[in-house]
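Breakdown of the fold
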Amino acid sequence: MRTPIIAGNWKMYKTPREAVSFVEELKKAVADVQGVEILVCPTFLALLPLSVILEGSNIRLGAQNMFWAAEGAYTGEVSAEMLRESGCTYVILGHSERRQYFGETDANVAKKARAALDNGLVPIICVGESIDERKTGRTATVIERQVHGSLAGLAADEVTGLVVAYEPVWAIGTGLTASPGDAQEVNALIRRLIGELYDRGTAASVRIQYGGSVKPGNAAELMSQPDIDGALVGGASLKTADFAGIIKATVETLNPPQ
Ligand code: 13P
């Protein structure tokens, strides 16, 4: 049984002060939620203060990126150990915005995933096709390349515990959501690829999120798909009511009222 994970990727929104007041509110709004893992990924600068506020709550903390080296002369970078010490349990790797604006490649993602796992962080590995790739029928090829490249060198018992996020680039921040059927199809493909690379048990355990314009109104239908194990939420994770709405829709989808 895979526990769904609803994660908020705040990107470069919310200052540390804004992040603090947001989680104070969110903590109350989701205090009684069970059966769904809740995660917020703020700016690096808010991690430490948020880790104090979230101690003992049902909200986990994640980072949006990291560097693979343990330490060294890498101006501006942050290591996995630094993230662990700042209260993170998760780290998003290979988000399409990192690939687009910062030259992140599958090989980089694999190195970062190795370092994250070595330091006890759970990687959330993002994959997804562009609109051009979808329109020209290359979705499956692109996803296969990204899955193979990003997981290179990881062992089955490491992949079992990690999270993959399918985020079609054309659905991010655009208001366009993949239809539940299309999202399910790619999530099922990712699970199949992991089954081929590793084994059936690993494929059955790995959690695969969907991301791209997830909102309270479309969350239930997406989350009810058999291979969608949660959401990676951008814009709607910045408002307490919307983020809590997505979390509650997920809980209700799993445990419909009798
Ligand atoms: P939106 O939910 O704003 O489309 O962003 C999705 C995303 O990129 C999450 O990582």
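Below: a short report on this structure. (Residues numbered from 1 in each chain as written. Predicted model: local features only at pLDDT ≥ 70, side-chain atom pairs only at ≥ 80, totals over all residues. Heavy atoms only, no water.)

**Quick look at the pairing of strand β1 (residues 5–9)**
Burial runs high along β1: 5 of the 5 residues are buried. Of the two faces of β1, the one holding Ile5, Ala7 and Asn9 and the one holding Ile6 and Gly8 are both buried throughout. Both β1 and strand β8 (residues 230–233) contribute to a ladder of 4 bridges, which runs parallel. Within β8, the residue paired with Ile6 across the bridge is Ala231. (Buried < 20%, exposed > 50% of the residue type's maximum accessible area, 1.4 Å probe, protein only. Helix = DSSP H or I, 4+ residues; strand = E, 2+ residues; numbered from the N terminus. Pairing = 2+ DSSP bridges.)

**A closer look at helix α1 (residues 16–29)**
The terminal C-alpha atoms of α1 lie 20 Å apart, and with 14 residues this matches the ideal 20 Å at 1.5 Å per residue to within 8%. Buried within α1 we find Ala19, Phe22, Val23 and Leu26. Looking straight down α1, one finds its buried side chains confined to an arc of 100°; they lie on one side. For α1, the exposed residues set more than 90 degrees away from the buried face come down to Arg17 and Lys28. At its buried positions, α1 is contacted by β2 (37–41), α2 (44–54), β3 (59–63) and α12 (240–254). (Expected span 1.5 Å × (residues − 1). Arc of directions from axis to C-beta. Contact = heavy atoms within 4.5 Å.)

**Notes on the side chain of Asn218**
Mapping Asn218 onto the fold places it in helix α11 (residues 216–223). Within the structure, Asn218 has its side chain in polar contact with the backbone oxygen of Ser213 (distance 3.0 Å). Each residue touching Asn218, except ones within four places of it in the same chain, is listed here: Thr177 and Ser213. (Polar contact = N/O pair within 3.5 Å; in protein donor to acceptor, adjacent residues only side chain to side chain.)

**As for the packing of aromatic side chains**
In total, this model carries 5 aromatic pairs according to the counting rule given. Ring pairs connect the aromatic residues Phe67, Trp68 and Tyr74, which therefore count as one cluster. Cation over ring: Arg98 sits above Phe102, and NZ or CZ is 4.1 Å from the ring centre. (Phe/Tyr/Trp six-rings, centres within 6.5 Å; stacked < 30°, edge-to-face > 60°. Lys NZ or Arg CZ within 6 Å of the ring centre and 35° of its normal.)

**Things to note about the nonpolar core**
Ranked by internal contacts, the top residues of the largest apolar core, which has 68 residues, are Val40 and Ile190. If we skip the residues at most four places from it in the chain, Ile190 touches Val127, Ile143, Val147, Val164, Tyr166 and Ile208. (Core = buried A, V, L, I, M, F, W, Y, C linked by side-chain atoms within 4.5 Å.)

**Considering the sheet that holds strand β4 (residues 90–93)**
If you trace the 8 strands once around the closed barrel, you get β1-β2-β3-β4-β5-β6-β7-β8, paired in parallel fashion. Across the sheet, the mean angle from the axis of one strand to that of its neighbour is 25°, orientation sign disregarded. Bridge count for β3 against β4 is 2 bridges, and the pairing is parallel. Within the sheet, the bridge partner assigned to Ala63 lies in β4 and is Val91. The sheet contacts of α2 involve β2 and β3, and relative to β3 the element is tilted by about 165°. (Axes fitted to C-alpha atoms, helices over the stretch in contact; angles between N-to-C directions.)

**Things to note about unusual backbone geometry**
Its identity is not glycine, yet Lys11 carries a phi of approximately 50°, on the positive side. Within the secondary structure, Lys11 sits in the loop between β1 and α1. For Lys11, a relative accessible area of 18% translates into the label buried. Backbone geometry places Ser213, a non-glycine residue, at a positive phi of 55°. With respect to the helices and strands, Ser213 occurs in the loop between β7 (207–211) and α11. Note on Ser213: relative accessible area 13%, which makes it buried.

None of the figures reported here should be taken as evidence of function without further support.
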